[in-house]
Amino acid sequence: MSPLSLDLSPDLFPALTEAQADPDGPGAHRPALRFGDRSLTYGELAATASPLAARVAEAGRIAVWATPTLETAVAVVAALLAGVPAVPLNPKSGESELGHIVSDSAPTLVLAAQGTQLPPALAALERLDIDIDTSAPAAGLPSPGASDPETPALIVYTSGTTGPPKGAVIPRRAIATTLDALADAWQWTGDDVLVHGLPLFHVHGLILGILGPLRRGGSVRHLGRFETAGVARELSEGATMLFGVPTMYHRIAETLPDDPALAKALARARLLVSGSAALPVHDHERIAQATGRRVIERYGMTETLMNTSVRADGEPRAGTVGVPLPGVELRLTEEDGTTAVEAYDGETVGEIQVRGPNLFTEYLNRPEATAAAFTEDGWFRTGDMAVRDPDGYVRIVGRKATDLIKSGGYKIGAGEIENALLEHPGVREAAVTGEPDADLGERIVAWIVPADPQSPPTVDELADHVARRLAPHKRPRVVHHLDTLPRNDMGKIMKRALTHD
Ligand code: MCA
Ligand code: AMP
């Protein structure tokens, strides 16, 4: 284990504090956030986030309608300045998913950009418009609540194998330590300019992609939505780092042969980072060949934030997620979940378990699920299976639960989709699996027994049904109709027997 030399100070954003204290100083004029043609310097961010922080300071918990906009970044910074936990909401969430998140997390307020229409599931909440007004004086914050590193900062909803998503409570301590560990691994400084087009309701896009640059005193340019043209533009106009999920790197690899400007822009980048799912070696190699640059991978989870990474000064070996980050203890365990695998042989597979200040506190309102996620001696069970090379590099080889699907970098539980499908009148029985997909990593496949075999529901009908209830990224891409589902003697569906040929 690396020595723990991380800064647990309560001030998450020293550059913002400095800009607030000295609005005319050079730090206040440095760029902080840019979304399209709208941007804020540190001084302007302090001026707009501080009064908002003062307005939400008394709220118990706030929801943020997390569109990929400047408003979302300002709202989350304001919540952090006020020491009030924020729940980022996926604006494409369907009614039942949103209803679940709102009733589970019980926010007292919802923050949304001015003019945004909110769905009925949020109608009962008091609404506060996020007004970006940089002329207001920066009020004197942070409040006392903001100074405790264990204060919940964010509650991020994440899917499990069954049931609705659980809210992972992420304290300020975890955010500070993970970002500082990444700064160490990536030599990430205030001079870096990050570009990405990730959604802002998950750890990757929000904590790494927005709070990361702000903690370093650097800047981020968000693309609004991911497009290779935007990546090429920003990297050729001063951006130094790119973050993305493997689907984004796959689309880059596909575009490169016909886009010399993209190849040139990527070649200039200081660091290309992939995470949220495994980056296929084929895409890694295609990018390396066309640009001379190797994408580095880091491995994390909503509950643990970041665990490992290939270091900027390390060997960027395709197919590995690098070494444990400073402060993170990582072990592999045998089937029993407690006996440590000692081998560093690139062969012996074990479950990754982690300990460290990067971990979440609990699943909101779910003490049993929280207890089940940890071993008796405090290791978090990730469910990811891996081997370790002789030099300590970790290689993820699979996951324990077959009922978890990673599609486009989103984690999706088979159970939540099965439950949604069963609510469709045309579905009698349903099972959901993931199958390999060159673009998405895995695509969602639904196997259904129709209520009426003469007129089974179409794939579009079922996709819309799931998208409306849960979220568009959870919709099945393929639907198979069966007479019966294969079941064992206990009546349990045998998913391994579900093949379409
Ligand atoms: C299509 N759409 C529909 C329907 N069909 N909408 C409603 N009903 C339908 N039936 C819409 C979608 O809403 C979307 O709209 C568009 O069609 C395309 O959808 P889709 O194919 O799903 O999206 P895509 O463009 O292919 O997206 C690929 C993507 C995306 C951009 C790579 O998957 C993505 O952003 N992934 C990032 C996931 C992520 O950040 N994961 C981090 C969590 P529109 O075009 O308007 O959008 S993991 C994490 O945080 C841990 C800690 C970690 O390690 O990082
Ligand atoms: P989430 O729960 O959405 O935060 O997703 C976390 C999961 O994403 C992990 O448990 C891994 O299965 C997967 N993951 C994240 N980063 C990587 C990576 N670089 N390589 C392989 N899998 C990854």
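In what follows, the structure referred to is the one given above.
Residues numbered from 1 in each chain as written. Chains lettered and ligands numbered in written order. Predicted model: local features only at pLDDT ≥ 70, side-chain atom pairs only at ≥ 80, totals over all residues. Heavy atoms only, no water.

A closer look at the overall build of the protein chain
- Regarding its fold elements, the protein chain presents 13 helices and 25 strands.
- For 501 residues, the compact-globule estimate of 2.2 N^0.38 gives 23 Å, and the protein chain sits close to it at 23 Å.
- In terms of principal-axis extent, the alpha carbons of the protein chain reach across some 70 × 55 × 55 Å.
- A total of 501 residues make up the protein chain; the buried ones form 56% of that total.
- Considering only residue pairs separated by 6 or more positions, the protein chain has 66% of its internal contacts joining residues 24 or more positions apart.
- Of the accessible surface of the protein chain, which amounts to about 20300 Å², a share of 51% is contributed by carbon and sulfur atoms.
- Distance from the positive charge centre (46 side chains) to the negative charge centre (65 side chains) of the protein chain: 2 Å. (Helix = DSSP H or I, 4+ residues; strand = E, 2+ residues; numbered from the N terminus. Rg over C-alpha atoms; globule rule 2.2 N^0.38 Å. Buried < 20%, exposed > 50% of the residue type's maximum accessible area, 1.4 Å probe, protein only. Contact = heavy atoms within 4.5 Å. Areas by Shrake-Rupley, 256 points an atom, 1.4 Å probe, with all protein chains shown as cover. Lys, Arg positive; Asp, Glu negative; His and termini not counted. Charge placed at Lys NZ, Arg CZ, Asp CG, Glu CD.)

Section: the site of ligand 2
- Taken together, 15 residues are adjacent to ligand 2, and Arg-298, Thr-302, Asp-384, Lys-406 and Lys-411 come closest.
- Contact between ligand 2 and Glu-297: a nitrogen atom at 3.3 Å from a side-chain N or O atom of the residue.
- In the complex, 91% of the free accessible area of ligand 2, which totals 500 Å², lies under the protein chains.
- Here the element with the most residues in the shell around ligand 2 is strand β13 (residues 296–301); it accounts for five residues.
- Looking at the shell around ligand 2 residue by residue, the class counts come to six nonpolar, four polar and five charged. (Near = heavy atom within 4 Å. Polar contact = N/O pair within 3.5 Å; in protein donor to acceptor, adjacent residues only side chain to side chain. Nonpolar A, V, L, I, M, F, W, Y, C, P; charged D, E, K, R; others polar.)

A closer look at the pairing of strand β8 (residues 166–171)
- The buried fraction of β8 is high, at six of six residues.
- Side chains Lys-166, Ala-168 and Ile-170 of β8 all project onto a buried face; the interleaved residues Gly-167, Val-169 and Pro-171 project onto the opposite face, where all are buried too.
- Relative to β8, strand β7 (residues 152–158) is paired through six bridges, and the arrangement is antiparallel. Each residue of the ladder has a partner; that of Thr-158, found in β8, is Lys-166. (Pairing = 2+ DSSP bridges.)

Looking at the environment of Ala-386
- Along the chain, the position of Ala-386 falls in strand β19 (residues 380–388).
- Between the C-alpha atom of Ala-386 and that of Ala-63, which follows or precedes it by 323 residues, the distance is 36 Å.
- Beyond its immediate chain neighbours, meaning those up to four positions away, Ala-386 contacts Leu-332, Thr-348, Val-349, Gly-350, Ile-352, Val-394, Arg-395, Ile-396 and Val-397.

Quick word on the sheet that holds strand β17 (residues 350–355)
- Pairing is antiparallel across the open sheet formed by four strands, whose spatial order is β16-β17-β19-β20. Across the chains shown, the open sheet's two edge strands, defined by having one partner strand only, are β16 (329–333) and β20 (394–399). Here the strands of the sheet are splayed against their neighbours by 45 degrees on average, with no regard to which way each runs. (Axes fitted to C-alpha atoms, helices over the stretch in contact; angles between N-to-C directions.)

What to know about helix α3 (residues 70–82)
- Over its 13 residues, α3 runs 18 Å from end to end, which matches the ideal 18 Å to within 8%, given 1.5 Å per residue.
- Looking one or two residues beyond α3, the residue adopting positive phi is Gly-83, at roughly 75 degrees. (Expected span 1.5 Å × (residues − 1).)

Points about the site of ligand 1
- Close to ligand 1 lie 26 residues; Lys-92, Arg-251, Ser-276, Arg-298 and Asp-464 are nearest.
- At 2.4 Å from an oxygen atom of ligand 1 is found a side-chain nitrogen or oxygen belonging to Lys-92.
- One nitrogen or oxygen atom from the main chain of His-204 is found 3.1 Å from an oxygen atom belonging to ligand 1.
- The set of elements that each furnish at least two residues to the shell around ligand 1 consists of α6 (203–216), α8 (246–255), β13 and α13 (459–469).
- Within the shell around ligand 1, the residues separate by chemical class into 10 nonpolar, eight polar and eight charged.

Details of unusual backbone geometry
- In this structure, Ala-106 takes a positive phi of about 45 degrees despite not being glycine.
- Position of Ala-106 among the secondary structure elements: in the loop between α4 (95–105) and β5 (109–113).
- Residue classification places Ala-106 among the partly exposed residues on the basis of a relative accessible area of 46%.
- The phi dihedral of Ser-276 falls on the positive side, at around 90 degrees, and the residue is not glycine.
- Mapped onto the fold, Ser-276 is located in the loop between β12 (271–274) and α10 (281–291).

Remarks on the packing of aromatic side chains
- Applying the stated rule across the entire model yields eight aromatic pairs.
- Aromatic pair Phe-360 and Tyr-363: ring centres 4.9 Å apart, planes at 65 degrees, arrangement edge-to-face.
- Aromatic side chains Phe-360 and Phe-374 sit 5.8 Å apart centroid to centroid with 15 degrees between the ring planes, which places their arrangement in the stacked category. With Phe-360 in the loop between β17 and β18 (362–363) and Phe-374 in the loop between α11 (367–373) and β19, this pair connects stretches of sequence that are 14 residues apart. (Phe/Tyr/Trp six-rings, centres within 6.5 Å; stacked < 30°, edge-to-face > 60°.)

Brief notes about the sheet that holds β12
- Ordered in space as β2-β1-β10-β9-β11-β12-β13-β14-β15, the nine strands form an open sheet in which the pairing is mixed. The sheet is open, and its two borders are formed by β2 (38–41) and β15 (323–324), each paired with just one other strand.
- One ladder, built from three bridges, connects strand β1 (residues 31–35) with strand β10 (residues 219–222); its direction is parallel. The residue of β10 that forms the bridge with Phe-35 is His-222.
- Most of the contacts of helix α2 (residues 42–56) go to β2, to which it runs at about 95 degrees, and overall it touches β1 and β2.
- In the packing of α8 onto the sheet, the strands contacted are β11 (241–244) and β12, and the crossing angle to β11 comes to about 115 degrees.

Re the pairing of β13
- Buried residues dominate β13, accounting for five of its six residues.
- Inspection of the sheet shows β12 paired to β13 by two bridges, in the parallel sense. Within β13, the residue paired with Ser-274 across the bridge is Glu-297.
- In this sheet, strand β14 (residues 305–309) lies alongside β13 in antiparallel orientation, the contact comprising four bridges. Across the sheet, Arg-298 pairs through a bridge with Ser-309, a residue of β14.
- Once β13 ends, the chain turns through three residues before running back antiparallel as β14.

Quick look at the packing of α2 against α3
- Closest axis-to-axis distance for the α2/α3 pair is 8 Å, and the angle between their directions is 60 degrees. With respect to each other, α2 and α3 are oriented oblique. Of the two elements, α2 crosses α3, and the hand of that crossing is right-handed. Facing Leu-45, Thr-48, Ala-49, Ser-50, Leu-52, Ala-53 and Val-56 of α2, the residues of α3 in contact are Val-74, Ala-75, Val-77, Ala-78, Leu-81 and Ala-82.
- Taken together, the residues of the contact of α2 with α3 sort by class into 11 nonpolar, two polar and no charged. (Parallel < 35°, antiparallel > 145°, perpendicular 65-115°, else oblique. Left-handed = near helix turned anticlockwise from the far one by under 90°.)

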